[in-house]
Amino acid sequence: MFKLRKGRFGFAVRVIAVSHTRWVRQKLSSQHDHQHVRTVIAPVLRQYSSLHCLQGDLLRVSGPNYGIPSRGIGMVIARVLRGALKIRYLLLGGSIAGGSALAKTYEQWRDALPDAKFLEGILPSQEDLDSIRTSLISYRDKIKEAVPDFTLDPKLKELGESHYDQLVLWFKERLDDAIRAAEEEKAENAAVFSDDFSSDLTQNAISFSAMGSAAEREREKAETIREKYESLQEELMEVQLKYQKEVERLEKENKELRKSLMLKAGDTTARKKIKKSLIDMYSEVLDELCDYDSSYDTQDHLPRVVVVGDQSSGKTSVLEMVAQARIFPRGAGEMMTRAPVMVTLSEGPYHISSFKDSTREFDLTKESELAELRKEVELRMRNSVRSGRTVSHEVISMTVKGPGLQRMVLVDLPGIISTVTTDMATDTREAIRAISQQYMSNPNAIILCIQDGSVDAERSNVTDLVSQMDPQGKRTIFVLTKVDLAEENLTNPDRIRKILAGKLFPMRALGYFAVVTGKGNQEDSIQAIKDYEEAFFRSSRIFKGGVINSHQCTTRNLSLAVSECFWKMVRDTVEQQADAFKATRFNLETEWKNNFPRTRELDRDELFEKARGDILDEVVNLSQLSPKQWEDALSKKLWDKMVTYIFENIYLPAAQTENSGTFNTTADIKLKQWADQMLPKKCVEVGWETLEDEFRKFMECAKNSKDHDNIFDNLKACVVDEAMRRHQWEDKAADVLRVIQLNALEDRSVNDKQQWDAACKFLEDSVKEKLQSTEGTLREMVGPSTKEQWVYWCYPSEDQKKRAAVKAELEKLLISDYTHKNTLSYDEVTTVRKNSQNQGVDVDNEFVRETWHPVYRRHFLRRALAKAYDCRKAFYAYHQGLEGELGVECNDIVLFWRIQQMIKITANALRQQVMNREARRLEKEIKEVLEEYGCDREKKEQLLTGRRVMLAEELKRVRQIQEKLEEFIYALNAEK
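Residues numbered from 1 in each chain as written. Predicted model: local features only at pLDDT ≥ 70, side-chain atom pairs only at ≥ 80, totals over all residues. Heavy atoms only, no water.

A. Region of interest: the overall build of the chain. Of the regular secondary structure elements, the chain holds 37 helices and 9 strands. Buried residues in the chain amount to 48% of all 976 residues. Contacts spanning at least 24 positions in sequence make up 79% of the contacts within the chain whose residues lie at least 6 apart. About 50500 Å² of surface is accessible on the chain, with carbon and sulfur atoms providing 49% of the total. (Helix = DSSP H or I, 4+ residues; strand = E, 2+ residues; numbered from the N terminus. Buried < 20%, exposed > 50% of the residue type's maximum accessible area, 1.4 Å probe, protein only. Contact = heavy atoms within 4.5 Å. Areas by Shrake-Rupley, 256 points an atom, 1.4 Å probe, with all protein chains shown as cover.)

Spelled out as structure tokens, the structure:
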């Protein structure tokens, strides 16, 4: 009966089982009669609630005409002992806390168990047990012979586990009735039975009369047994804690040993020899999957431990306890987790942390670096939230290494909220639920459901969400936090028992755990929290009372269970995931071969590097332009910028003067003002625009080549635009130009006939261009001519008819006065208006003046053009100072010669600046823009688009993921 299975729990179970056997043996050995058997069995039945089923033969105790139930004493004793031995389930459950570790190190820590030699003197031997069994069988036979026809009350057969208390009450009432009946009807019963049996009944009645005091003694002994049971639980917890501390001590020694070895061999050499850990390889696969599919598509079915819970439920604190460091930002009642944080836990000699995209390592043993790490996490979270949102889908990936850490990957999600506050986006609640559902929808994700034990269960939001995502509870682990507050606030421990038994919330789970993550002080260290947690569960009344099993307590047990479940899930699913990506790779490669034959598979980074080289080659091509090409381009651009100002603000005002002296004076003043204020800056702008135009010409020429790839067009254009926007011409360039321009404009002497002819041609071309523009303006004002009306069937509007009538009157006025000034007198305006009215055209004075300006400008330009023709042969008269005597004034030619010389000198200076300075600065700025764009993933995605790019990107990532998966599977199988 007491032969127990050998193993790591055999000793603990044997202690309890043998203790209870000895207690029964002592009670039976004192009185070997069936009366005392009844006295012993009754309190035992009341004490052990685990004895639920009383079907079959019950102990029969004789009593005349009272139908008291009875059965074989041996069977009762066997069932009593079996009920007592059911306590083993509590002990087995309590021992699971260190189950996986105890299996490996049992021989090492067995000596650390409490000394049990003191039990050898009080435990019964096998011979004593056989004697007890023989006595019980003999008493069973006697009772059967005495009451052969006695049967069990039918009502008792209907009693089950839930009516055990009624059974005890019924048994006590029948017992009292039996005692009274034995005393009152002793004589009558003697006539019914034989003399021997009557003697036995008399002894039974006497025993029953003493049962009251015996029951009280048995209750006291039962209480003593309960106290021993609690004491054994406490001892077991002490052993578990002692074992954990011993493991931690060994881990520290191992850490120091590894440090010494690395210092001796050299950090660089040691790191080269250390292989990448299994969990780090798995984490790299998950990082690749996050980059491959930021929307968390169903293609990614690799396991993760997803930590979900209501806001302020303590989920982040649980994760910190598992990571053994306070690595997350802290806040009182406000939302701190604003984005998913993927934490990869792995073992290592140093307790350090680092981010996926950074080489810096934070020493988690130093509070200063812990504070910096928390600030960095908070900063990354806030940077990930854009466009006025409160939470983000962007994953923050970090690694935590340290001695004793369980290898797994956890994802901490924002806490689920019930109400959106004013400082949150209106869709925050829905966004958080959407993020949680996305991660939990992975069929291989392990859901770590965190519930605050200090609040009412009815206020829970997360349990409903988890039950929707995992209704069968096949991948959910439930964690009840703040159990210390729950014990303090709840008067009914049965509520906690129901939670941890999975009977209170409408959800199922693989396991249920109770943890304590601190006393509410954010400054407490992890070690202080662990000490507080151990002390709480050691002294907790709900734990000592058997409400919570020991394997369901402490964050260490939780981390062991989660890690075991995580790796089981990984081993079951990783090969399926590798096969899925292998099929995806085949499909993508087939699509590429069919759509883009004889084309290299270049992803965005590779395409960007190719575009970088093309753009820089175009910058180099600027040096191929000759000085004459630069100067011609600059001169043309300068004149286009200056022509309007020269005609409107310099030439026309000077030409309206009465004589040559006034013309030159006005021109000199206007030129001096222009050169001092506007001209140098305008020329700098012209130089920069010319450089941009020439560069874009090279870019356009490259597009027409047979090797051109239009996939780079958007990128090149954007880079050039950004570089041009940033470029600033050197400040001193304007000052240098001002000096040389003033010197050029002050020179009035045309040295030779060639320069004179060039100035005449320059004036003629400029006037013709302006005249052509003015005539076009007049055509728009007066409408189509008579020929155009007949040929093209187009007719003038009423306004154009009026303009034509007024134009005709103004032309008559100019014909009558060839040298008319540029303004109309009041009388002239009135005359034109009245003449127009006589023709049936009614206009006002303002209408006449608006028509006058283009009419007079055309008249003036025609006159200037005629003067330019006349001055072609006046060079020698000008050279000798006789042009006034010959009736030819050539001040217009001299003015335009001065402007022409200024443009030539300015173009030459700008050309030197462009070739010597600005082209190199442009190249430098383009390189800077390319460097920035090269680090900006979003910019690349925006500028390099199309199915070809997307297909190459996807194909590259699928290959990388498949290779990493195969590498991980190989390492996983090697570890097995």
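B. Summary view of the pairing of strand 9 (residues 511-514). Along strand 9, one buried face is formed by Gly511 and Phe513 and the opposite face, lined by Tyr512 and Ala514, is buried too. Looking at chain direction, strand 8 (residues 476-481) and strand 9 are connected through 4 bridges and run parallel. Paired with leucine 480 across the strands is alanine 514, a residue of strand 9. (Pairing = 2+ DSSP bridges.)

C. Inspection of helix 35 (residues 891-935) at higher detail. The end-to-end C-alpha distance of helix 35 is 61 Å, a good match for the 66 Å that 45 residues give at a rise of 1.5 Å each. Maximum bend of helix 35: about 50°, positioned at valine 914. (Expected span 1.5 Å × (residues − 1). Bend = angle between axes of the 7 residues up to and from the residue.)

D. Quick look at the sheet that holds strand 8. Sheet architecture is open: 9 strands sit in the order 4-3-5-2-6-1-7-8-9, paired in mixed fashion. Each having just a single partner strand, strand 4 (362-363) and strand 9 make up the two edges of the open sheet. Pairing between strand 7 (residues 446-452) and strand 8: 6 bridges, direction parallel. The residue bridging isoleucine 447 from the neighbouring strand is threonine 476, located in strand 8.

E. Region of the structure containing the side chain of threonine 463. Within the secondary structure layout, threonine 463 lies in helix 17 (residues 462-469). Aside from chain neighbours lying at most four places away, what touches threonine 463 is Cys449, Gln451, Phe478, Phe505 and Met507.

F. Spotlight on the packing of aromatic side chains. Counted by the stated rule, this structure contains 18 aromatic pairs. A ring pair is formed by phenylalanine 536 and phenylalanine 537, whose centres lie 5.1 Å apart and whose planes are at 70°; its orientation type is edge-to-face. Per residue, the accessibility class of phenylalanine 536 equals that of phenylalanine 537, and both read buried. Following the ring pairs from residue to residue traces out a cluster consisting of Trp639, Phe647, Tyr651, Phe762, Trp852, Tyr856, Phe860 and Phe896. Directly above the ring of tryptophan 567 sits arginine 407, whose terminal nitrogen or CZ lies 4.8 Å from the centroid. (Phe/Tyr/Trp six-rings, centres within 6.5 Å; stacked < 30°, edge-to-face > 60°. Lys NZ or Arg CZ within 6 Å of the ring centre and 35° of its normal.)

G. Region of interest: the packing of helix 32 (residues 826-838) against helix 33 (residues 845-871). Their axes nearest at 9 Å, the elements helix 32 and helix 33 cross at an angle of 100°. Viewed along their axes, helix 32 and helix 33 adopt a mutual orientation that is roughly perpendicular. Between helix 32 and helix 33, the residues in contact are Tyr826, Val829, Val832 and Arg833 and Asn845, Val848 and Arg849, respectively. Taken together, the residues that form the contact of helix 32 with helix 33 break down as 4 nonpolar, 1 polar and 2 charged. (Axes fitted to C-alpha atoms, helices over the stretch in contact; angles between N-to-C directions. Parallel < 35°, antiparallel > 145°, perpendicular 65-115°, else oblique. Nonpolar A, V, L, I, M, F, W, Y, C, P; charged D, E, K, R; others polar.)

H. Region of interest: the pattern of salt bridges. For the coordinates displayed, the defined rule picks out 56 salt bridges. The partner of glutamate 372 in a salt bridge is arginine 360, and the shortest N-O contact between them spans 2.2 Å. Here glutamate 372 is found in helix 15 (residues 367-384), whereas its partner arginine 360 is found in the loop between strand 3 (352-355) and strand 4, with 12 residues between them in sequence. We classify glutamate 372 as partly exposed; its relative accessible area is 37%. Residue arginine 959 pairs with glutamate 589 through a salt bridge whose shortest N-O separation is 3.0 Å. With a gap of 370 residues between them, arginine 959 in helix 37 (residues 947-975) and glutamate 589 in helix 22 (residues 555-595) connect regions that are remote in the sequence. For arginine 959, a relative accessible area of 23% corresponds to the partly exposed category. (Salt bridge = Lys/Arg side-chain N within 4 Å of Asp/Glu carboxyl O.)

I. Quick look at the environment of phenylalanine 505. Relative to the assigned elements, phenylalanine 505 resides in the loop between helix 19 (493-500) and strand 9. Residue classification places phenylalanine 505 among the buried positions, given a relative accessible area of 10%. A C-alpha to C-alpha distance of 8.4 Å links phenylalanine 505 and aspartate 464, two positions 41 residues apart in sequence.

J. Expanded view of the confidence of the model for the chain. In this model, the chain carries an average pLDDT of 75, and 69% of its residues clear a pLDDT of 70 or more. Low pLDDT, under 50, characterises residues 1-72; the predicted model gives this stretch 162 contacts beyond four residues in sequence or across chains. For the stretch residues 186-202, pLDDT sits under 50, and the model shows 14 contacts to residues farther than four places along the chain or on other chains. (pLDDT = per-residue confidence, 0-100.)

K. Summary view of the nonpolar core. Ranked by internal contacts, the top residues of the largest apolar core, which has 107 residues, are Trp639, Met642, Tyr651, Trp756, Ile893, Met902 and Ile926. Apart from the residues lying within four places of it in its own chain, the contact partners of methionine 642 are Trp674, Leu679, Cys683, Met902 and Ile903. (Core = buried A, V, L, I, M, F, W, Y, C linked by side-chain atoms within 4.5 Å.)

L. Layout of the environment of lysine 873. By the secondary structure assignment, lysine 873 is in the loop between helix 33 and helix 34 (875-879). C-alpha separation for the pair lysine 873 and lysine 753, spaced 120 residues apart in sequence, amounts to 9.5 Å.

M. Inspection of the pairing of strand 7 at higher detail. Most of strand 7 is tucked away: 7 of the 7 residues are buried. Here strand 7 shows no split at all, with Ile446, Leu448, Ile450 and Asp452 on one side and Ile447, Cys449 and Gln451 on the other all buried. With 5 bridges connecting them, strand 1 (residues 305-309) and strand 7 associate as parallel partners. Bridged to glycine 309 within strand 7 is isoleucine 450.

N. Examining unusual backbone geometry more closely. Located in the positive-phi region is serine 312, a residue other than glycine, with phi close to 65°. Here serine 312 lies in the loop between strand 1 and helix 14 (315-323). Given the relative accessible area of 45%, serine 312 is considered partly exposed. A positive phi is found at lysine 482, a non-glycine position, where the angle reads about 55°. Looking at the secondary structure, you find lysine 482 in the loop between strand 8 and helix 18 (483-489).

O. Molecular detail of a nonpolar patch on the surface. On the surface, Trp790, Val791 and Tyr792 cluster together into a nonpolar patch covering about 450 Å² of accessible area. Positionally, tyrosine 792 belongs in helix 30 (residues 786-792). For tyrosine 792, a relative accessible area of 63% gives the class exposed. (Patch = residues over 30% accessible without salt bridge, like charges linked within 9 Å, V, L, I, M, F, W, Y side chains within 5 Å.)

P. Summary view of the packing of helix 24 (residues 627-655) against helix 26 (residues 679-703). Put simply, helix 24 and helix 26 touch, their axes get as near as 9 Å, and they point 130° apart. Here helix 24 is positioned oblique relative to helix 26, judged by the angle of their axes. As helix 24 packs across helix 26, the resulting crossing turns out to be right-handed. Mapping the contact onto sequence places Trp630, Ala633, Leu634, Lys637, Leu638, Lys641 and Met642 in helix 24 and Leu679, Cys683, Val686, Gly687, Glu689, Thr690, Leu691, Asp693 and Glu694 in helix 26. (Left-handed = near helix turned anticlockwise from the far one by under 90°.)

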